[in-house]
Amino acid sequence: MAAGTEGEAGPVGGGGSDTAITRLIDRRGRCRLAYEPVADLARGVICGYEAQARFPEAMSQQRWAKDAAARDLEPDIDAFLVCSVLAARESLPDDSFLSFNIRQGTLLREPVQRVLAEAGRLDRLVVELCPRAPAADEAELLAAIARLRAAGATIAVDGVGDGHGTLRQIALLRPEFVKLDDSLVRGLDRDDAKLVIVDMIGHLASRLDAWVIAQGVTAVEELDALIQLRAPLAQGPLIGVRAKTLTRVGFALSSYVRERGAAAIEPGALLSLLERRRPLEPDSSHAERAALFAAHPGMMHLPIVDGRRRPVAMLERSAFEHGEEPVEALLLVTAASRVAEVAQRAMLRPAATRFHPVVCCDVQGRYLGIVRVERLVDALTRAHTLQPVATA
């Protein structure tokens, strides 16, 4: 197959210029790329980009994969991708990395190995390996990875948490980056099981001196949960959309992330525990309330705010299901409040509301979010665990 529309030479040979695969290649004989930014959740800046093939509108990735597999051209197409990513590094902003995803088996094929061997130094390049299709020869894979690292590249394991043997791959490859599957990030703030899993993966990665990258972040609530869990890196539509050029891009939530990130590492800060649950209006209908509870099975409480966004009541799921009215007795705190102080005040409430979430407001008394009591307890436990042990 011709490398481009004007017949430049490239890794792919042979005929078939009418195949859909040729539409991936531009006139320079390179794969068309799009770049998705990766944010540093501690500093609130863009620190890297993931390069992905740009498919024509009428051509899906599944169609490309089927066409390429039928012609045994997957290694050649991936070689085009690697060539294009290597060339794109010339435009890479300072202090940032560029990553790309490749199948383990394809990485070992001759076209890809040739391109990488001829590239020289691979500094600031992150090679993402997908565990769904592990290489048959592990010794050969480890040797290839050793060559990549010797040239300056780093390794990422992609799709961690989707149940395809990723823990074994992490143990085998000892990657510098661990990429959470977007299915694990989706709705993270509303799913305690996912929170535990992401926290566990974070601890595992830190023990192996690896960085966690959360993929597919689409909501501020998910971002808040990741910051609370101290996930270092994130990407997704909320961070930044894919662009055709590799230039320094703005990060709309940079100041917000810096504020929340600073709170997350400050001992006792309440802001890091905040969940920005969507509040209800006092005149919201029974159907609206039922629909919101149905959409979020793990949500036990819904705050109610007035027209000036001041909290006025709390609706508990079980009470709502029994036809009871919202509770108007609320514990209101500011974002500057300390965790220990808030936990103590929460435990002094009447038994009926003792375990209701605390409602956090700004200095004007407007609703910011809620803090669940179990998160207060967890934060206190963590703080106690991190205290140095006194010695005689």
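Everything discussed here concerns the structure shown above.
Summary of the structure given here. (Residues numbered from 1 in each chain as written. Predicted model: local features only at pLDDT ≥ 70, side-chain atom pairs only at ≥ 80, totals over all residues. Heavy atoms only, no water.)

### Some points on the sheet that holds strand β12 (residues 358-361)
Next up, step 1: Taken in spatial order, the 3 strands line up as β11-β12-β13 in an open sheet, and their pairing is mixed. The open sheet has two edge strands with one neighbour each: β11 (332-334) and β13 (367-371). The mean angle between the axes of side-by-side strands here comes to 35°, regardless of whether they run parallel or antiparallel. (Pairing = 2+ DSSP bridges. Helix = DSSP H or I, 4+ residues; strand = E, 2+ residues; numbered from the N terminus. Axes fitted to C-alpha atoms, helices over the stretch in contact; angles between N-to-C directions.)

### Looking at the state of the cysteines
Next up, step 1: For the structure on display, the rule yields 0 disulfides.
Next up, step 2: The cysteine C361 is free of any disulfide, with C360 supplying the nearest cysteine sulfur at 6.6 Å.
Next up, step 3: Assessed through its relative accessible area of 5%, C361 is described here as buried. (Disulfide = S-S within 2.5 Å. Buried < 20%, exposed > 50% of the residue type's maximum accessible area, 1.4 Å probe, protein only.)

### Some words on the sheet that holds strand β3 (residues 97-103)
Next up, step 1: Strand order in the closed barrel made by the 8 strands is β1-β2-β3-β4-β5-β6-β7-β8, with mixed pairing throughout. The average angle at which neighbouring strand axes cross in this sheet is 30°, direction not considered.
Next up, step 2: Examined bridge by bridge, strand β1 (residues 33-40) and strand β8 (residues 233-235) share 3 bridges and lie antiparallel to one another. Looking at β8, one finds that V38 is bridged to Q235.

### Describing empty space enclosed by the protein
Next up, step 1: According to the stated counting rule, one finds 1 cavity of 30 Å³ or more in the structure shown.
Next up, step 2: As a volume, the largest cavity reaches approximately 30 Å³.
Next up, step 3: As for the largest cavity, its lining consists of D189, E221, D224, A225, Q228, L274, E275, R276 and R375.
Next up, step 4: The leading source of residues in the lining of the largest cavity is helix α9 (residues 220-228), at 4 residues.
Next up, step 5: Of the residues assigned to the lining of the largest cavity, the class counts are 2 nonpolar, 1 polar and 6 charged. (1 Å grid on protein atoms, 1.4 Å probe; cavity = no way out; pocket = protein on both sides within 12 Å on 5 of 7 lines; lining within 4 Å. Points joined across faces, edges and corners; volume = space filled by probe spheres on them. Nonpolar A, V, L, I, M, F, W, Y, C, P; charged D, E, K, R; others polar.)

### Some words on helix α5 (residues 138-150)
Next up, step 1: Given a rise of 1.5 Å per residue, 13 residues ought to cover 18 Å, and the 18 Å separating the end C-alpha atoms of α5 matches this to within 8%.
Next up, step 2: All of the buried residues along α5 are L141, A144, I145 and L148. All buried residues of α5 project into a common sector of 100° when viewed along the axis, lining one side. Residues A139 and A150 are exposed on α5 and point more than 90 degrees away from its buried face.
Next up, step 3: In this structure, the buried side of α5 is in contact with α3 (104-107), α4 (110-118), β4 (125-130), β5 (154-160) and α6 (166-173). (Expected span 1.5 Å × (residues − 1). Arc of directions from axis to C-beta. Contact = heavy atoms within 4.5 Å.)

### Concerning the side chain of E222
Next up, step 1: Tracing the sequence through the fold places E222 in helix α9.
Next up, step 2: Of the side chains bearing the opposite charge, R190 lies closest to the buried E222, which forms no salt bridge; the N-O distance is 5.5 Å.
Next up, step 3: Apart from the residues within four sequence positions on either side, E222 is in contact with V185, R186, G187, L188, D189, G216 and V217. (Lys, Arg positive; Asp, Glu negative; His and termini not counted. Salt bridge = Lys/Arg side-chain N within 4 Å of Asp/Glu carboxyl O.)

### Remarks on helix α8 (residues 192-207)
Next up, step 1: For α8, which comprises 16 residues, the first-to-last C-alpha distance of 23 Å matches the rise-based estimate of 22 Å (1.5 Å per residue) to within 8%.
Next up, step 2: Of all the positions in α8, only K194, L195, V198, D199, I201 and A205 are classed as buried. One side of α8 holds all its buried residues, which, seen down the axis, span an arc of 165°. Projecting away from the buried face of α8 at angles above 90 degrees are the exposed residues V196 and R207.
Next up, step 3: Among the residues of α8, the N-terminal cap falls to D191, whose side-chain oxygen and the backbone nitrogen of A193 are separated by 3.0 Å.
Next up, step 4: After α8 finishes, the residue D209 shows a positive phi value of roughly 60°. (Polar contact = N/O pair within 3.5 Å; in protein donor to acceptor, adjacent residues only side chain to side chain.)

### Some remarks on the pattern of salt bridges
Next up, step 1: A complete count under the given rule lists 13 salt bridges for this structure.
Next up, step 2: Salt-bridge contacts for R149 lead to E176; the nearest nitrogen and oxygen are separated by 2.9 Å. Placement of the pair is R149 in helix α5 and E176 in the loop between α6 and β6 (177-180), with a sequence separation of 27 residues.
Next up, step 3: You can call R149 partly exposed: its relative accessible area is 29%.
Next up, step 4: One salt bridge in this structure joins E275 and R372, with 2.7 Å as the shortest N-O distance. With a gap of 97 residues between them, E275 in the loop between α10 (254-265) and α11 (286-295) and R372 in the loop between β13 and α14 (373-386) connect regions that are remote in the sequence.

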